[in-house]
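# A look at the structure
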Amino acid sequence: MLRSGQGSVKTRAGEAGPEVLTAGQDAAASRCRVAVLVSGGGTNLQAVLDAARAGGIPHGEMALVVSSRPGVGALERAAAFGVEAVVVERQKYETAEKFDAALLRVLKKHQVDMLVLAGFLCILGKKVVKAYPNRILNVHPSLIPSFCGEGMYGLKVHEAVLARGVKVTGATVHYVNEVCDGGEILLQKAVEVRAGDTPELLQQRVMERAEWLLLPRAVEIVAARIVAGRG
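Remember, it's a predicted structure, so these values are computed and weren't measured experimentally.

Now for helix H7 (residues 199-228). Counted at 1.5 Å a residue, the expected span for H7 with its 30 residues is 44 Å, and the 41 Å between its end C-alpha atoms agrees. The largest bend along H7 reaches roughly 45 degrees and is located at Met207.

See below:
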């Protein structure tokens, strides 16, 4: 695929004319290259991939899936969709800084424009956050600022919600900065807490009624902004 500044068309006497792109190439070149970062089964990844396949993220190109763990279900989902996937295994790096640097090299190699954290269980370091200002999204399974911050992820969030006895929870998509769950909120959706809920039941309801709806919408919002900024 030719991108802007790559390749040319020969004209008279070997002169280089303007680059010519086919309709498909032009559309791909004008989209935002999205990388989804995962660590587990990839249900939120699947929501994004399904939305992309259905045309719900027209400004985004699903360019890469990066997993911090080998052998996880998210890698199978990426393969089924046909998107390239790589593993940058956290345990292979002695420090968070070395992991951060390795992750950034992979992202730059694949010319990624924005990141989506979808069940990614590693804290992004300063290098990656600085490289993608207002271009990193995270989905959190509560209504931030409630039930968030360090140590609040997965079932732990829903356990805390039930222990506190609140009647409404939900999900939040926010920008990522150097503060855990501290970035600007982009989208939120409330979900009821029902009598008799277990953490597992509540987790499933929040995913189905909030996370899987909000995340693809947020990806398109940010991708469209990035593409518009190129004009």
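Moving on, we come to the confidence of the model for the chain. Overall, the prediction assigns the chain a mean pLDDT of 89, with 87% of residues at 70 or greater. The low-confidence segment residues 1-25 (pLDDT under 50) makes 32 contacts with residues lying over four places distant or belonging to another chain.

Between helix H6 (residues 155-164) and H7, the shortest axis-to-axis distance is 9 Å and the interhelical angle comes to 110 degrees. In this view, H6 runs roughly perpendicular relative to H7, as classed from their interaxial angle. The two elements H6 and H7 cross, and the hand of that crossing is right-handed. Residues Leu155, His158, Glu159, Val161 and Leu162 of H6 form the contact with H7, whose participating residues are Pro199, Glu200, Leu202, Gln203 and Val206. Per-class residue counts for the contact of H6 with H7 are 6 nonpolar, 2 polar and 2 charged.

Per the counting criterion, the structure on display carries 6 salt bridges. A salt bridge links Arg53 to Asp50; the nearest nitrogen and oxygen atoms lie 3.6 Å apart. Of this pair, Arg53 and Asp50 both sit in helix H2 (residues 43-53), 3 residues apart, roughly one helical turn. With its nearest N and O atoms 3.9 Å apart, the salt bridge here joins Lys92 to Glu89. Accessibility expressed as a relative area gives 18% for Glu89, which makes it buried.

Let us now look at unusual backbone geometry. Following Ile144, the chain continues into Pro145 via a peptide bond in cis, with omega recorded as 20 degrees. One can find Pro145 in the loop between strand S7 (136-140) and H6. Residue Asn134 is not a glycine yet carries a positive backbone phi of 55 degrees. Looking at where Asn134 falls in the secondary structure, it is placed in the loop between helix H5 (126-131) and S7. Unusually for a residue other than glycine, Phe147 sits at a positive phi of about 55 degrees. Mapping Phe147 onto the fold places it in the loop between S7 and H6.

Moving on: the packing of H2 against H7. H7 packs onto H2 with a crossing angle of 55 degrees between their chain directions and a minimal axis gap of 9 Å. With respect to each other, H2 and H7 are oriented oblique. Every pair of crossing elements has a handedness; the one defined by H2 and H7 is right-handed. Between H2, through Thr43, Asn44, Ala47, Val48 and Ala51, and H7, the contact on the second element is made entirely by Met207, Glu211, Trp212, Leu215 and Pro216. In terms of residue class, the contact of H2 with H7 is built from 7 nonpolar, 2 polar and 1 charged.

A few words now on H6. Buried within H6 we find Val157, His158, Ala160 and Val161. Each buried residue of H6 lies within a common arc of 160 degrees when the element is viewed along its axis, so the set occupies one face. In the core, the buried residues of H6 are packed alongside S7, strand S8 (168-175) and H7. Downstream of H6 by a residue or two, Gly165 has a phi angle that is positive, lying close to 85 degrees.

The rules behind each value
- Within any chain, residue numbers begin from 1 and follow the written order of that chain's sequence.
- Only residues with pLDDT of at least 70 get local features here, since the model is predicted, and only at 80 or more are side-chain atom pairs given and counted; chain-wide, interface and lining totals rely on the full set of residues.
- Side-chain numbers come from the whole structure's heavy atoms, not from hydrogens or water.
- Only DSSP runs of H or I reaching four residues or more are called helices, and only runs of E reaching two or more are called strands; each is numbered from the N terminus.
- Given a helix with a known number of residues, its expected span is that number minus one, times 1.5 Å.
- Bend, at a single residue, is the angle you get between axes fitted to the 7 residues ending at that residue and the 7 residues starting at it.
- By definition, pLDDT measures how confident the predictor is in each residue, and it falls between 0 and 100.
- In this analysis, two residues are considered to be in contact whenever any of their non-hydrogen atoms come within 4.5 Å of each other.
- Helix axes are fitted only over the stretch in contact, all axes being lines through C-alpha atoms; the angle between N-to-C directions runs from 0 to 180 degrees.
- Angular relationships are summarised with four words: roughly parallel below 35 degrees, roughly antiparallel beyond 145, roughly perpendicular across 65 to 115, and oblique for the angles in between.
- It is the rotation of the near helix from the far one that decides the hand of a crossing: anticlockwise by less than a right angle makes it left-handed, clockwise makes it right-handed.
- Residue polarity is assigned by list, with Asp, Glu, Lys and Arg as charged and Ala, Val, Leu, Ile, Met, Phe, Trp, Tyr, Cys and Pro as nonpolar; anything else, Gly included, falls into the polar class.
- Salt bridge, as used here: a side-chain nitrogen of Lys or Arg that lies within 4 Å of a carboxyl oxygen of Asp or Glu.
- Burial status follows relative accessibility: with a 1.4 Å probe on protein chains alone, a residue under 20% of its type maximum counts as buried, one over 50% as exposed, and anything between as partly exposed.
- As used here, the arc is the angular range of directions from the helix axis to the C-beta atoms.

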